[in-house]
Amino acid sequence: MITMKRSRVFILVSVAIALVDGIFVYSNNVMASRTLDKTLEEEGTRLRSSFNLILDRTYSNMLGMATFIANNQDVLRLFDNGVKAAIQEGGGAGGPRAAAFRQQLLDAVEPSWQQVQKNFDVRQLHFHFGPNITSFLRVHRPDRFGDDLKDIRYTLVDTFNEHKSRVGFETGRVYAGLRGVLPLRLADNESGEEEFVGTLEVGTSFATTLEIVDRRLGRGVGVLLNRDHVEETMWPDFIKKRFPTSLGACNCVIEAQSRNGLEHIISAAVNQGIDFSKDATSIVELDSKYYTLTLFGFRDYLGTRQPDRANVGTVVFWSDADDQITAHHRGMLFNVIYGVATFLFIEVIIFFGFRFALSRLEQEVAGKTKELSEKAAELEELSITDRLTALYNRLKLDETFKYEIERAKRYDTPLSVIILDVDHFKSVNDTHGHQVGDMILVELAQILRENIRTSDFAGRWGGEEFLVICPQTDLKGGQALAEKLRIMIEKNTFSVVGQKTSSFGVATLNPNETEEELMARADAALYKAKNNGRNLVETGT
């Protein structure tokens with residue numbers, strides 16, 4: 001009887017231990033899955049923020065390119081004469097006089113257009129006149145002109161109505177892409193007063209922007225357009241050329257992608273029930289491999305003005321997640337094995353093993369916690385540091401830039417920025433290879449690190465561009481620091497290539513100025529230094 005009672009007690013205790021152990025394993029696995037989901041969600045948020053930052057920079061550069069051409073008064077006079085001729089000849093495409101001025105305008109802007117195309121991968125340059133926003137000259141397709149764009153091109157409509165520059169994504173008759181539109185103002189020869197005569201549009205595809213995003217974030221990225229939206233806007237013959245096939249699974253077309261293989265990822269995602277209309281980061285399995293897939297919708301220009309308008313497409317990020325998912329599965333398997341082993345261990349030494357097992361478990365948890373804390377610290381450092389130069393990366397610079405602007409405005413202290421670019425850096429990569437180019441950037445970063453103040457912030461802005469943020473520094477101080485850095489770089493003997501120089505743009509924060517406006521002035525100063533012969537320091541006004 002006693003033996004039977006002991007057996008019953010042992011069985012009851014064993015069942016209780018097994019139940020507790022099972023709950024423990026289940027809870028750990030649920031927590032691991034939630035941690036993975038949270039990690040994916042945070043990654044999606046970070047990718048979206050980075051994408052938008054780079055896209056804003058692209059729009060800023062496009063307006064700068066348009067301004068470069070629009071500032072030529074001779075070009076504007078040719079355009080104005082052509083518009084007047086077209087109107088006198090019945091509007092639309094006009095007649096022979098309009099055609100003659102159109103050809104003269106094309107001849108005048110062709111050299112600048114070729115240079116912009118070569119340096120910045122711009123694919124569209126377009127002049128328009130009112131009131132129906134009629135195409136006067138597509139420099140990229142000079143055989144297409146005279147059509148009215150009032151009903152499909154809202155960046156143009158707003159620029160015509162408000163006489164202010166506009167940027168955004170729009171789908172036109174020929175291309176879908178990123179657009180920057182400037183109002184054109186012609187100065188009167190006698191009075192000097194400016195008259196609005198039309199608009200100039202610069203357009204590019206997502207291709208170059210996606211390449212930059214891929215390089216900086218280390219993930220494939222693509223842009224999908226809704227098929228219905230494309231068919232409503234573009235000329236049919238250009239749809240056939242640009243998008244010969246569509247992805248029926250998502251009723252979309254691929255506008256651009258930084259790597260091959262996006263169509264296979266999309267097909268696998270649709271087969272797994274992923275909803276492309278929702279913003280989310282998910283795991284996709286394809287050919288026995290795992291990928292993280294981040295989706296978020298994007299709006300065209302009209303969508304930014306009308307919140308109730310549907311998205312016109314989706315931005316897609318994808319990357320190899322085999323290591324991440326394998327580690328997750330191993331962790332869950334480890335939890336199961338650990339639970340079974342613990343149960344057997346407790347069964348064998350039920351009286352003495354419990355405390356021992358609990359002590360070991362606490363030690364293991366403490367060790368894992370410490371390890372995770374150390375890993376978290378390492379990841380935090382990596383997240384703000386450029387891998388090549390060990391300076392701050394773009395994300396950290398953006399964060400610091402916003403903080404220092406707010407601080408300067410709050411305490412009414414000066415703030416200057418210095419943007420520098422290695423002169424003729426492309427020739428280094430072309431002649432000596434990218435490894436030597438990387439060595440040059442590392443050595444230049446060391447010069448910056450050794451010659452700025454402890455209160456300054458230096459980082460890699462992108463490619464061969466660097467940014468120095470100088471708190472409590474006026475324009476004179478920023479210019480002096482830039483000149484010091486220029487001389488140190490000029491005197492330095494770089495590995496393999498010997499002497500190299502850099503061009504500098506300096507700008508100081510004005511009252512009520514935004515960070516974009518401050519950077520635009522610094523960028524303009526840098527371009528001025530480049531145009532004036534390089535190895536110079538110029539200031540932005």
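One structure accompanies this document, and this report is about it. (Residues numbered from 1 in each chain as written. Predicted model: local features only at pLDDT ≥ 70, side-chain atom pairs only at ≥ 80, totals over all residues. Heavy atoms only, no water.)

Below, the discussion takes up the nonpolar core. Membership of the largest hydrophobic core comes to 32 residues, with the highest contact counts inside it found for Phe-79, Leu-105, Phe-127, Val-139 and Leu-184. Mapped by element, the contributors of at least two residues to this core are α1 (2-70), α2 (73-88), α3 (96-120), β1 (124-129), β2 (134-138), β4 (176-187) and β5 (194-204). When sequence neighbours within four positions are dropped, the list of residues in contact with Phe-127 reads Val-75, Phe-79, Leu-105, Val-109, Thr-134, Ser-135, Phe-136, Leu-137, Val-139, Leu-184, Thr-199 and Leu-200. Judged by nonpolar contacts, the second largest core, of 30 residues, contains Phe-243, Ala-256, Phe-296 and Val-312. (Core = buried A, V, L, I, M, F, W, Y, C linked by side-chain atoms within 4.5 Å. Buried < 20%, exposed > 50% of the residue type's maximum accessible area, 1.4 Å probe, protein only. Helix = DSSP H or I, 4+ residues; strand = E, 2+ residues; numbered from the N terminus. Contact = heavy atoms within 4.5 Å.)

With that out of the way, let us pick up helix α4 (residues 154-162). What α4 keeps buried is the set Thr-155, Leu-156, Val-157, Asp-158, Thr-159 and Phe-160. Where α4 is buried, its residues touch β1, β3 (166-171), β4, β5 and α9 (301-305).

Moving on: the side chain of Arg-153. Assignment of secondary structure puts Arg-153 in the loop between β2 and α4. Among the polar contacts listed, one links the side chain of Arg-153 to the side chain of Glu-170, at a separation of 2.7 Å. Apart from the residues within four sequence positions on either side, Arg-153 is in contact with Glu-170, Thr-171, Gly-172, Arg-179 and Glu-201. (Polar contact = N/O pair within 3.5 Å; in protein donor to acceptor, adjacent residues only side chain to side chain.)

The geometry of helix α14 (residues 434-451) relative to helix α15 (residues 475-491) is characterised by a closest axis approach of 10 Å and an angle of 135° between their N-to-C directions. With respect to α15, the axis of α14 lies oblique. Between α14 and α15 lies a crossing of right-handed hand. Seen from α14, the contacting residues are Leu-444, Ile-447, Leu-448 and Asn-451; seen from α15, they are Leu-481, Lys-484, Leu-485, Met-488 and Ile-489. In the contact of α14 with α15, the residues fall into seven nonpolar, one polar and one charged. (Axes fitted to C-alpha atoms, helices over the stretch in contact; angles between N-to-C directions. Parallel < 35°, antiparallel > 145°, perpendicular 65-115°, else oblique. Left-handed = near helix turned anticlockwise from the far one by under 90°. Nonpolar A, V, L, I, M, F, W, Y, C, P; charged D, E, K, R; others polar.)

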